[in-house]
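Listed below, chain by chain, are the residues.
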Amino acid sequence: MGVPAIGTAGLSPRQKAAVIVRLVLAEGEDIDLARLPQDLQTVLAQEMALMGVIDKQTRDAIVAEFCDHLESVGLSFPGDIDGTLALLDGHLSPDTTDRLRRLAALNGTGDPWDRIATLTPEVLAELARTEAPEIAAVMFSKLPVPRAAEVFALLDPALARRIAYTMSLTGGIRADALQRIGRALIQAVDALPRPAIEGKADEKVGAILNFSPSRMRDSVLAGLEDDDAAFAGEVRKTIFTWAHIPRRIDPRDIPRVTREVDNAVLIKALAGAPEDARATVDFLLGGLPSRLAESLRDEMETVGKVSAQDAEEAMDQVVLAIRQMEASGDLFLISQEEQDDGQETETTEPSA
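This is a predicted model, so every value here is computed, not measured.

1. Comments concerning the pattern of salt bridges
Within this structure, the stated rule accounts for 12 salt bridges. Here aspartate 176 makes a salt bridge to arginine 180, at a shortest N to O gap of 3.7 Å. Here aspartate 176 pairs with arginine 180, and both are found in helix H11 (residues 175-191), just 4 residues apart, close to one helical turn. A salt bridge links glutamate 326 to arginine 323; its shortest N-O distance comes to 3.0 Å.

2. Concerning the nonpolar core
Counting residues in each nonpolar core, the largest one holds 31 residues, and the members touching the most others are Trp242, Ile245, Ile249, Leu270, Val318 and Ile322. For this core, the secondary structure elements donating two or more residues are helix H16 (254-259), helix H17 (263-272), helix H18 (278-286), helix H19 (290-303) and helix H20 (308-327). Per-element tally for this core: the top contributor is H20, with 7 residues. Excluding residues within four positions of it along the chain, valine 318 makes contact with Trp242, Ile245, Val261, Leu266 and Ala269. Judged by nonpolar contacts, the second largest core, of 24 residues, contains Leu124, Leu178, Ile186 and Ala188.

3. What to know about the packing of aromatic side chains
The full count for this structure, using the stated rule, is 1 aromatic pair. Seen from their ring centres, phenylalanine 140 and phenylalanine 152 are 4.7 Å apart, and the 85° between their planes marks the pair as edge-to-face. Taken together, the positions of phenylalanine 140 in helix H8 (residues 133-142) and phenylalanine 152 in helix H9 (residues 145-152) put the pair 12 residues apart, joining distant regions of the chain.

4. As for the side chain of threonine 280
Position of threonine 280 among the secondary structure elements: in helix H18. A polar atom in the side chain of threonine 280 sits 2.9 Å from the backbone oxygen of tryptophan 242.

5. A few points about a negative patch on the surface
A cluster of acidic side chains, namely Glu27, Glu29, Asp30 and Asp32, defines a negative patch on the protein surface. Inspection of the secondary structure assignment puts glutamate 27 in the loop between helix H1 (13-26) and helix H2 (38-50). Judged by its relative accessible area of 58%, glutamate 27 is exposed.

6. As for the environment of alanine 273
Within the secondary structure, alanine 273 is located in the loop between H17 and H18. A relative accessible area of 7% places alanine 273 in the buried class. Taking the C-alpha atoms as reference, alanine 273 lies 7.5 Å from glutamate 312; in sequence the two are 39 residues apart. In contact with alanine 273, other than residues within four places in its own chain, are Trp242, Lys268, Arg278, Val281, Ala311 and Met315.

7. Overview of H8
Along H8, the residues that are buried comprise Pro133, Ala136, Ala137, Val138, Met139 and Phe140. Those residues of H8 hidden inside the fold are in contact with helix H6 (112-117), helix H7 (121-130), H9, helix H10 (157-166) and H11.

8. Concerning the packing of H1 against H2
The interhelical angle for the contact between H1 and H2, taken along N-to-C directions, is 80°, at an axis separation of 9 Å. Viewed along their axes, H1 and H2 adopt a mutual orientation that is roughly perpendicular. Counted together, Arg14, Gln15, Ala17, Ala18, Val21 and Arg22 of H1 and Val43, Leu44, Glu47 and Met48 of H2 form the full contact between these two elements. Partitioning the contact of H1 with H2 into residue classes produces 6 nonpolar, 1 polar and 3 charged.

9. Overview of the packing of H8 against H10
Packed helix pairs are characterised by how far apart their axes lie and by the angle those axes make with each other. As a packed pair, H8 and H10 sit with axes 8 Å apart at the nearest point and diverge in direction by 75°. Classified by the angle between their axes, H8 and H10 sit roughly perpendicular to one another. Contacts from Pro133, Glu134, Ala136, Ala137 and Phe140 of H8 reach H10 at Arg162, Ile163 and Thr166. Looking at the contact of H8 with H10 residue by residue, the classes come out as 5 nonpolar, 1 polar and 2 charged.

10. Some remarks on the confidence of the model for the chain
Mean pLDDT over the chain stands at 79; residues scoring 70 or higher make up 79%. The low-confidence segment residues 1-6 (pLDDT under 50) makes 12 contacts with residues lying over four places distant or belonging to another chain. Counting interchain partners and residues more than four positions distant, the pLDDT-below-50 stretch residues 341-352 has 32 contacts.

About the criteria used
Residues numbered from 1 in each chain as written. Predicted model: local features only at pLDDT ≥ 70, side-chain atom pairs only at ≥ 80, totals over all residues. Heavy atoms only, no water. Salt bridge = Lys/Arg side-chain N within 4 Å of Asp/Glu carboxyl O. Helix = DSSP H or I, 4+ residues; strand = E, 2+ residues; numbered from the N terminus. Core = buried A, V, L, I, M, F, W, Y, C linked by side-chain atoms within 4.5 Å. Buried < 20%, exposed > 50% of the residue type's maximum accessible area, 1.4 Å probe, protein only. Contact = heavy atoms within 4.5 Å. Phe/Tyr/Trp six-rings, centres within 6.5 Å; stacked < 30°, edge-to-face > 60°. Polar contact = N/O pair within 3.5 Å; in protein donor to acceptor, adjacent residues only side chain to side chain. Patch = residues over 30% accessible without salt bridge, like charges linked within 9 Å, V, L, I, M, F, W, Y side chains within 5 Å. Areas by Shrake-Rupley, 256 points an atom, 1.4 Å probe, with all protein chains shown as cover. Lys, Arg positive; Asp, Glu negative; His and termini not counted. Charge placed at Lys NZ, Arg CZ, Asp CG, Glu CD. Axes fitted to C-alpha atoms, helices over the stretch in contact; angles between N-to-C directions. Parallel < 35°, antiparallel > 145°, perpendicular 65-115°, else oblique. Nonpolar A, V, L, I, M, F, W, Y, C, P; charged D, E, K, R; others polar. pLDDT = per-residue confidence, 0-100.

Below you can see the structure in the form of structure tokens.
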């Protein structure tokens with residue numbers, strides 16, 4: 001004996017929503033229910049668990065009603081501060097965005113842990129040092145694993161071990177306590193002194209030198225070595241140029257890198273690279289499928305002699321593409337420490 005079908009009359013909006021979700025899942029489509037508030041996720045699951053069989057006529061009526069509702073909507077807003085800030089991304093200043101997230105987290109309309117997850121490793125490490133180990137343990141338990149690992153690396157080993165042990169005691173924390181801790185951490189962040197100029201000096205100098213002509217870069221670095229060797233060493237770690245590509249790019253990523261560069265630019269860079277930068281040319285060609293590499297070599301011969309200025313501009317564009325891939329999370333550079341087992345590789349800065 002089959003389960004009796006549910007008629008069209010008496011279906012609540014929640015039951016109709018359950019029908020739509022069930023239909024979407026049956027069609028093999030992906031639907032991110034995790035974005036719903038937890039109470040709505042619970043209600044939806046409960047409704048689906050209690051539903052019986054829906055006949056085709058009822059299903060079609062619910063779908064038609066749902067489509068009519070969508071067509072009647074002229075404009076919709078995210079409904080929460082996180083969605084609104086995502087919508088306005090790039091149109092608000094970082095300070096305004098940060099202030100709105102802080103206010104939302106403090107007045108209970110936003111999740112404080114969303115804002116905490118966006119803090120820099122340095123700020124999170126300072127919180128770990130100044131807060132009680134139990135609070136720090138909760139913070140690390142909520143952080144994404146890659147970010148937590150970055151912060152751990154900045155801590156004293158003894159403190160890191162203590163926090164790691166304390167994390168084993170955080171499993172039973174209640175949701176309301178978790179929110180209170182998150183709001184308290186945000187208040188602690190706001191109490192930290194903020195520098196008038198954001199960012200580290202070595203990173204700023206390195207970013208400037210990354211886009212400076214090679215002669216200017218070499219001259220500035222040589223001067224910094226004389227003035228402050230330690231600072232010069234930190235600057236060198238942030239610099240990434242054409243000559244660094246063989247040391248800091250995984251060969252498996254070469255095809256993806258070359259696809260991000262206009263072919264004409266790539267040919268100029270490969271054909272015009274000076275003799276002391278040919279190692280990068282060999283590295284890039286060696287990481288490509290043999291047929292593609294041979295085709296590029298033919299084009300390099302066809303293009304003929306490339307002026308030094310055009311070659312340097314082309315090499316800089318390749319480097320810029322790599323930097324943009326790294327910034328967007330599409331590429332990970334091999335760190336200086338990984339490539340040398342802790343030894344600093346650069347005693348002199350190669351040109352280009």
